[in-house]
Structures are given as structure tokens and as C-alpha cells.
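Descriptive structure summary
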Amino acid sequence: MRKASVLVFALATLFSGITWASSDQSCSAAATEKKLAGAAKTAFLKKCEKDAKATCEVTAADKKLAGAAKSSFTKKCVKDAVGS
């Protein structure tokens with residue numbers, strides 16, 4: 001189970017196309033830096049949020065969180081990754 005979680009995390013960060021996990025840059029900041037607008041920005045932010053959620057869920061599982069603690073952690077983690 002642990003190997004599967006590590007594999008999912010590695011694949012999520014490898015194929016995410018963003019570097020928010022390795023830097024403090026949010027998805028919104030990355031979209032602005034790439035000068036994205038319109039449909040391209042929407043698609044980028046949607047994919048970024050999906051990737052962030054997958055990564056945050058793996059992190060929550062690694063921390064052995066469950067129930068409300070897992071939901072709260074995941075929600076905050078995704079919000080921090082996506083930015084405003």
C-alpha cells in the first residue's frame with residue numbers, strides 16, 4: 001500500500017506540468033507567470049487543482065489522517081496549492 005502511495009505521488013508530480021510542489025508558487029501564480037488567459041488559463045488551473053488534490057490526498061494518507069481531519073487537511077492543502 002505504501003509503495004502504491006509513493007508511486008501515485010511520484011507520477012502526480014512528474015506529469016503535473018507544474019512545479020508548485022517543489023517551489024512556493026501557486027497554480028494562479030504559475031498561470032500568471034506563463035501569461036495564460038481565457039480557456040488556456042481555465043484548463044491549466046483545472047488540471048493544476050486536480051493534480052494538487054491527488055498529491056494532497058496522498059500526503060493525508062501518508063499522515064494516516066481520516067474523517068474530518070483528512071477532509072480539512074486536503075481542503076487547506078489544495079487551497080494553498082491553487083492560490084487565489
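Below is a summary of the structure that appears in this document. (Residues numbered from 1 in each chain as written. Predicted model: local features only at pLDDT ≥ 70, side-chain atom pairs only at ≥ 80, totals over all residues. Heavy atoms only, no water.)

Right, let's get into the packing of helix α3 (residues 38–62) against helix α4 (residues 67–82). Where α3 meets α4, the axes come as close as 9 Å, and the angle between the chain directions of the two elements is 140 degrees. As summarised for this structure, α3 and α4 are arranged oblique, according to the angle between their axes. Remark: the crossing between α3 and α4 carries right-handed chirality. Here α3 contributes E49, A52, K53, C56, E57, T59 and A60 to the contact with α4, which in turn contributes K70, F73, T74, C77, V78, A81 and V82. Class assignment for the residues of the contact of α3 with α4 results in 8 nonpolar, 2 polar and 4 charged. (Axes fitted to C-alpha atoms, helices over the stretch in contact; angles between N-to-C directions. Helix = DSSP H or I, 4+ residues; strand = E, 2+ residues; numbered from the N terminus. Parallel < 35°, antiparallel > 145°, perpendicular 65-115°, else oblique. Left-handed = near helix turned anticlockwise from the far one by under 90°. Contact = heavy atoms within 4.5 Å. Nonpolar A, V, L, I, M, F, W, Y, C, P; charged D, E, K, R; others polar.)

Applying the stated rule across the entire model yields 2 salt bridges. Measuring nitrogen to oxygen at the nearest pair gives 2.9 Å for the salt bridge that ties K47 to D51. One end of the pair is K47 and the other is D51, both in helix α3 and 4 residues apart, which spans about a single turn. Here D80 makes a salt bridge to K76, at a shortest N to O gap of 2.7 Å. With D80 and K76 both in helix α4 and 4 residues apart, the pair spans about one turn of that helix. Overall, D80 belongs to the partly exposed group, its relative accessible area being 48%. What makes K76 exposed here is its relative accessible area of 52%. (Salt bridge = Lys/Arg side-chain N within 4 Å of Asp/Glu carboxyl O. Buried < 20%, exposed > 50% of the residue type's maximum accessible area, 1.4 Å probe, protein only.)

This part covers unusual backbone geometry. With phi around 60 degrees, K35 is a residue other than glycine that occupies positive phi space. Here K35 lies in the loop between α2 (27–33) and α3. Despite not being glycine, K64 has its phi angle at roughly 60 degrees, a positive value. Mapped onto the fold, K64 is located in the loop between α3 and α4.

By themselves, these figures tell us nothing about what the structure is for.
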